[in-house]
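Notes for the structure review
Below, each chain spelled out in residue letters.
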Amino acid sequence: GKEAGITHYVWMSTPDERTRPLHKELNGQTFSWDNPPIIDDKTGERGTPGSTYNCRCTLKYILPDYLSNA
């Protein structure tokens, strides 16, 4: 990701009843590697998809060319 010049990603939640409500809210939103979202509303922990206990969310890389043409 970052080492390839990719600076942003889209959060992709798993659409089922086991997904955390906060992670459902993050679905489809764009984030920077340098400023990840809060992934645990109890602790304020920030992180990327899949970085917390039992998280099954994934991410979709945003290529640098896409950002410059947006």
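This text goes with the structure placed above it.
None of the values given here were measured: they were computed from a predicted structure.

A closer look at the pattern of salt bridges
Scanning the entire structure with this criterion turns up one salt bridge. Among the salt bridges present, the one from D16 reaches R56, with a minimum N-O distance of 2.8 Å. Here R56 lies in the loop between β4 (45-46) and β5 (58-62) and D16 lies in the loop between β1 (8-12) and α1 (21-26), a separation of 40 residues in the sequence. Classification of D16 by relative accessible area gives partly exposed; the value is 22%.

Regarding the side chain of S13
Within the fold, S13 resides in the loop between β1 and α1. Judged by its relative accessible area of 15%, S13 is buried. Here W11 takes part through its side chain, which lies 3.5 Å from a polar atom of the side chain of S13.

Parameters and conventions
Residues numbered from 1 in each chain as written. Predicted model: local features only at pLDDT ≥ 70, side-chain atom pairs only at ≥ 80, totals over all residues. Heavy atoms only, no water. Salt bridge = Lys/Arg side-chain N within 4 Å of Asp/Glu carboxyl O. Helix = DSSP H or I, 4+ residues; strand = E, 2+ residues; numbered from the N terminus. Buried < 20%, exposed > 50% of the residue type's maximum accessible area, 1.4 Å probe, protein only. Polar contact = N/O pair within 3.5 Å; in protein donor to acceptor, adjacent residues only side chain to side chain.

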